Amino acid sequence: MKLTVVGCSGSFPSADSACSSYLVEADGYRLLLDLGNGALGELQKYCGLYDIDAVALSHLHPDHFIDMCGYFVARYYRPGSGRCAPVPVYGPAGTEERLTTAYADTPSEKSMSEVFDFHTLESGGVFTVGPLTVRTARMRHPVQTFGFRVEYEGRSLTYSGDSGPCRRLEELARDTDLFLCEASFTDGRENLPDVHLTGLEAGECARDAGARRLVLTHVPPWTDAQVNLRDAKSVFGGPAELARPGAVYAL
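What counts, and at which threshold
Residues numbered from 1 in each chain as written. Predicted model: local features only at pLDDT ≥ 70, side-chain atom pairs only at ≥ 80, totals over all residues. Heavy atoms only, no water. Buried < 20%, exposed > 50% of the residue type's maximum accessible area, 1.4 Å probe, protein only. Helix = DSSP H or I, 4+ residues; strand = E, 2+ residues; numbered from the N terminus. Pairing = 2+ DSSP bridges. Axes fitted to C-alpha atoms, helices over the stretch in contact; angles between N-to-C directions. Contact = heavy atoms within 4.5 Å. Phe/Tyr/Trp six-rings, centres within 6.5 Å; stacked < 30°, edge-to-face > 60°. Lys NZ or Arg CZ within 6 Å of the ring centre and 35° of its normal. Left-handed = near helix turned anticlockwise from the far one by under 90°. 1 Å grid on protein atoms, 1.4 Å probe; cavity = no way out; pocket = protein on both sides within 12 Å on 5 of 7 lines; lining within 4 Å. Points joined across faces, edges and corners; volume = space filled by probe spheres on them. Parallel < 35°, antiparallel > 145°, perpendicular 65-115°, else oblique. Nonpolar A, V, L, I, M, F, W, Y, C, P; charged D, E, K, R; others polar. Core = buried A, V, L, I, M, F, W, Y, C linked by side-chain atoms within 4.5 Å.

Asker: Could you give me a rundown of helix α3 (residues 68–76), with the residues and numbers involved?
Answerer: Judged by how many residues are buried, α3 sits mostly within the fold: seven of nine residues are covered. Within the span of α3, buried status applies to Met 68, Cys 69, Tyr 71, Phe 72, Ala 74, Arg 75 and Tyr 76.

Asker: Residue-level account of the sheet that holds strand β12 (residues 214–217), with values.
Answerer: Read across the open sheet, the seven strands follow the order β7-β8-β9-β10-β11-β12-β13; overall the sheet is mixed. Strand pairing shows two members of the sheet lacking a second neighbour, β7 (126–129) and β13 (240–242), which therefore form its edges. The sheet shows a mean angle of 20° between the axes of neighbouring strands, taken without regard to direction. Pairing of β12 with β13 involves three bridges; the strand directions are parallel. Residue pairing in the sheet places Val 215 in a bridge with Glu 241 of β13. Its contacts with the sheet put helix α8 (residues 225–233) on β12 and β13, and the angle it makes with β13 is roughly 165°.

Asker: Can you break down the packing of aromatic side chains residue by residue, with the values?
Answerer: For any pair of aromatic rings, the description rests on two quantities: the centre-to-centre distance and the angle between the ring planes. For the structure shown, the criterion picks out nine aromatic pairs. An angle of 70° between the planes, with centres 4.9 Å apart, marks the rings of Tyr 76 and Tyr 77 as edge-to-face. The exposure class of Tyr 76 is buried, given its relative accessible area of 9%. Plain terms: the ring middles of Tyr 90 and Phe 127 are 3.9 Å apart, the flat faces sit at 10° to each other, and that makes the pair stacked. With a gap of 37 residues between them, Tyr 90 in strand β5 (residues 87–91) and Phe 127 in strand β7 connect regions that are remote in the sequence. The class for Tyr 90 is buried, based on a relative accessible area of 11%. Judged by relative accessible area, which is 11%, Phe 127 ranks as buried. Following the ring pairs from residue to residue traces out a cluster consisting of Phe 72, Tyr 76, Tyr 77 and Tyr 103. Above the ring of Tyr 76, the side-chain terminus of Arg 83 is found at 3.8 Å from the ring centroid.

Asker: Hey, could you go over the packing of helix α7 (residues 199–209) against α8 for me, with residue numbers and the actual values?
Answerer: When two helices pack together, their arrangement is given by the angle between the helix axes and by the axis-to-axis distance. Running from N to C, α7 and α8 point in directions that differ by 35°, and their axes come no closer than 7 Å. For the element pair α7 and α8, the recorded crossing hand is right-handed. In contact with Gly 199, Leu 200 and Gly 203 of α7, α8 contributes Asn 228, Asp 231 and Ala 232.

Asker: Can you explain the layout of surface pockets? Please cite residues and give values.
Answerer: Approximately 200 Å³ is the volume attributed to the largest pocket. Along the wall of the largest pocket there are 16 residues; nearest its centre are Cys 8, Ser 9, Val 219, Ala 225 and Ala 243.

Asker: Could you give an account of the packing of α3 against helix α4 (residues 95–103), naming the residues involved and the relevant values?
Answerer: Between α3 and α4, the shortest axis-to-axis distance is 9 Å and the interhelical angle comes to 85°. Comparing the axis directions of α3 and α4 gives the class roughly perpendicular. From α3, Met 68, Cys 69, Phe 72 and Val 73 reach across to α4, where they touch Leu 99, Ala 102 and Tyr 103. A class-by-class count of the residues in the contact of α3 with α4 yields seven nonpolar, no polar and no charged.

Asker: Residue-level account of the nonpolar core, with values.
Answerer: Val 24, Leu 31, Leu 33, Val 129 and Leu 132 are the most contacted members of the largest nonpolar core, which totals 31 residues. Among the elements that line this core, the one with the most residues is strand β9 (residues 146–152), at four residues. When residues no more than four places from it in sequence are discounted, the contact partners of Leu 33 are Ser 21, Tyr 22, Val 24, Ala 56, Phe 148, Val 150 and Tyr 159. Listed in part, the 28 residues of the second largest apolar core include Leu 32, Leu 40, Leu 43 and Phe 72.

Asker: Please provide a residue-by-residue account of the environment of Phe 185, values included.
Answerer: Inspection of the secondary structure puts Phe 185 in the loop between β11 (178–182) and α7. Residue class for Phe 185 comes out buried when judged on its relative accessible area of 10%. For the pair formed by Phe 185 and Gly 48, sequence separation is 137 residues and the distance between their alpha carbons is 34 Å. Contact partners of Phe 185, with chain neighbours within four places excluded, come to Glu 190, Leu 192, Val 195, His 196, Leu 197, Thr 198, Gly 199 and Asn 228.

Distances and angles like these do not, on their own, reveal function.
Below is the structure:
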């Protein structure tokens, strides 16, 4: 299994990174986790627009899903070859309606479903896409949000989505090989419940889950990422680093 960081900026794109998007590959199968602001352009550095086999959206904040509108255009209006067959899209309840509203002027209310095969996520659910098994858990965030654990041949990747501290995230990441965990807030400056994690809280979650490796992501441009990494390392004894666009992890 291979993970490529397409974009990792939190809340809005930075000068160096698009917002959240992560490409997971195994046996030639490609699963995309989130597609936030600016990520569709970056994605084309790592695979073709029509080579994605499935998409999983953690939640419906723009920095995690809004480039699905551009992806709709690419799939619906593809010149020459015609409209693409529907690709599976796993997301919270109301994903199709939210995309239709965000696009604002689709040819019909069902146009999205002509190129996206929508599936509604449930907390504690399990679904299989190609050779990958994906487990879900509901996170603590102002809107319905899911974390994902992707498994392949005994290896695992856990992605937090957006979340404040919660036991479900710790359980989802239990003994995971790579924990891709948001660290939006800085300890002592923003300790708001049920919104985001600080670097310190991400490190504590990784430690308590027994994660083997921690990669901090979703750090907003106005946050000093090195401070959050320092705080995470102060409590997590394993390898820890900051996500960066184009980084590749083999699992």
